[in-house]
Amino acid sequence: MGKTLLVVECTEHFNWYERFAGFKLHGKEEIRVEQATFPDISLTSYPSSGNPLVVNLRRAARPLPNTPQDRDRTCTPDFILLRSITRGIKGQDSRNVLLGMIHANVPSVNSLLSAQLVLERPVMFSELRKIQRRVGIDRFPLIAQTYYASHREMLITPDPPFVAKMAHCHAGYGKMKVDDQKQFEDLRSLVAVHGDYVTVEPFIDWDWDGRVQRIGEHYRCFRRRNPNWKGNTGHSMVIEDMELTPEIKLWADECAKAFGGLDILGLDFLHDKHSDRLYILEVNDTAIGLVHKYEDEDMDHMRDLVLMRMAQHYPDHPDHPDPALASSSSTSPSEQDKGKEEGEEKEKEEEKEEEKKESAEESEGARKVITELQSELSLLRSKLARERARVAELEAALAAPKPSILDRIFK
């Protein structure tokens, strides 16, 4: 029958049709690949118990040659490789598409939930702070960051120079270097109009920035030099390989545990040219850009990672997903029957124990309810006795003879 893999890819020349050509799930099940960018995707998630997600893909503006991208098509993906950011500058927002994928609970690399969580800078930074608390400040030197919910909180100017970042934006957008109080006041006025949150970090006078990349169990580490203070802008940057030290590998391994697990990530850091210290800035998920000379290798690593995750989610033996259990088919028929009988007996015993446990829990629960009811009944009886005594007092007062008006006058 085969499985359908949907690849959401922002780099148009990356051809995942070719990359997965000839590969089969468990070596025998066909994998049908569809590739599109977020703007070309519309979808509906239905309440069906099977595959509830129906995805419509528009014809690509520049279709890859010899692929279905030259026409509109529809698919029901069994797995998703997410290789595109969901939200960028104004007008680039596909969060509703991502939410539809989450609604359908389609398995993916990275997880769709992690893609949703990493969208906002404060949420991402919160995960990094958890890592720092777990492993220690010295082993995870995360840059200091201040969060302002709106312009109203931007009253005290941080020590300049510092870098302010508006909302979720990346790739150098919405980011400015502030050198004095006057610039901070100008920034505050812009935030008041825009209405977003702001994060502020101390400006590090760096001579190079770095990235450690992790795809499954494959690592790469890069150093980038750029005359601009924004390392990811301009055309004069130089990227070179650097050693993957145990310290940097630890950073990547710890970040791979974030958001329930990140199979693909890139962790960015800066080198302070004065103190020779490294500062961790942020973690990027599955939409990381690839260094050109390693594109082919890294795409192969991603393909192999997806094949592994698909095989885990759709095991060759659905009744026995564990390979050790699946190997039982090689035993003799008599051994299989014996094992089956023993298994059935064990299941019956477990059911009996479970029933006993449930019965005991129900009895204990009933006893608690009875005790509570008895206590409440006792309180009600006491209250009723007090009310009866009060009624008796009122009745006696009413029955007592009342003096006439003349008696009161001549008394």
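Look up a bit, the structure's there.
On a predicted model such as this, the values are computed, not experimentally measured, just so you know.

Colleague: What is the right way to read helix 4 (residues 121-135) from this model?
Modeller: In an α-helix there are 3.6 residues to a turn, and that puts residues three or four apart on one side. Between the first and last C-alpha of helix 4 there are 21 Å, a value that for 15 residues agrees with the 21 Å anticipated at 1.5 Å per step. Buried within helix 4 are the following residues: R121, M124, F125, E127, L128, I131, Q132 and V135. Axial view of helix 4: buried residues confined to an arc of 155°, hence all on one face. In this structure, the buried residues of helix 4 make contact with helix 3 (112-117), strand 10 (162-166), strand 12 (198-202), helix 6 (246-255), strand 16 (264-272) and strand 17 (278-284). One or two residues past the end of helix 4 sits G136, with phi positive at roughly 110°.

Colleague: Please explain the sheet that holds strand 11 (residues 175-178) as it appears in this structure.
Modeller: Either a parallel or an antiparallel arrangement is found when strands of a sheet pair, and the pairing is made through backbone hydrogen bonds. The sheet built from four strands is open, its strands ordered 9-12-10-11 with antiparallel pairing. With partners counted over all chains shown, the strands left at the sheet margins are strand 9 (146-148) and strand 11, one partner each. With strand direction ignored, the average angle separating the axes of adjacent strands in the sheet is 25°. Across four bridges, strand 10 lies against strand 11 in antiparallel orientation.

Colleague: Just to check I follow, could you spell out the nonpolar core for this structure?
Modeller: One recurring pattern in soluble globular proteins: nonpolar side chains tend to sit buried together. L128, F140, W251, C255, L267, F269 and V283 are the most contacted members of the largest nonpolar core, which has 32 residues in total. Among the elements of the structure, helix 4, strand 13 (206-215), helix 6, strand 16 and strand 17 are those that each provide at least two residues to this core. Of all hydrophobic cores here, the second largest spans 23 residues; its members include I264, M302, L307 and M310.

Colleague: Can you help me understand a nonpolar patch on the surface in this one?
Modeller: A cluster of nonpolar side chains, L113, L117 and V123, forms an exposed patch at the surface whose accessible area comes to about 220 Å². Relative to the elements of secondary structure, V123 occurs in helix 4. According to the relative accessible area criterion, V123 is partly exposed, its value standing at 32%.

Colleague: Even after reading the chapter, I still don't get the packing of aromatic side chains, so can you show me in this structure?
Modeller: Geometry of an aromatic ring pair is reported as the spacing of the ring centres plus the angle between the planes. Counted by the stated rule, this structure contains seven aromatic pairs. Note on W16 and F20: the rings are 6.1 Å apart at their centroids and 40° apart in plane angle, and the pair reads as tilted. The pair formed by W16 and F20 is uniform in burial state, with each residue classed as buried. Aromatic pair W251 and F269: ring centres 5.5 Å apart, planes at 75°, arrangement edge-to-face. Within this pair, whereas W251 is found in helix 6, its partner F269 is found in strand 16, the two being separated by 18 residues in sequence. In this structure an aromatic cluster arises from ring pairing among Y148, F162 and F184. Here the basic side chain of K3 rests over the ring of Y314, its NZ or CZ set 4.8 Å away from the ring centre. R220 extends its terminal NZ or CZ atom over the ring of Y294, reaching a point 3.9 Å from the ring centre.

Definitions and limits used
Residues numbered from 1 in each chain as written. Predicted model: local features only at pLDDT ≥ 70, side-chain atom pairs only at ≥ 80, totals over all residues. Heavy atoms only, no water. Helix = DSSP H or I, 4+ residues; strand = E, 2+ residues; numbered from the N terminus. Expected span 1.5 Å × (residues − 1). Buried < 20%, exposed > 50% of the residue type's maximum accessible area, 1.4 Å probe, protein only. Arc of directions from axis to C-beta. Contact = heavy atoms within 4.5 Å. Pairing = 2+ DSSP bridges. Axes fitted to C-alpha atoms, helices over the stretch in contact; angles between N-to-C directions. Core = buried A, V, L, I, M, F, W, Y, C linked by side-chain atoms within 4.5 Å. Patch = residues over 30% accessible without salt bridge, like charges linked within 9 Å, V, L, I, M, F, W, Y side chains within 5 Å. Areas by Shrake-Rupley, 256 points an atom, 1.4 Å probe, with all protein chains shown as cover. Salt bridge = Lys/Arg side-chain N within 4 Å of Asp/Glu carboxyl O. Phe/Tyr/Trp six-rings, centres within 6.5 Å; stacked < 30°, edge-to-face > 60°. Lys NZ or Arg CZ within 6 Å of the ring centre and 35° of its normal.

In short, shape yes, function no, at least from these values alone.
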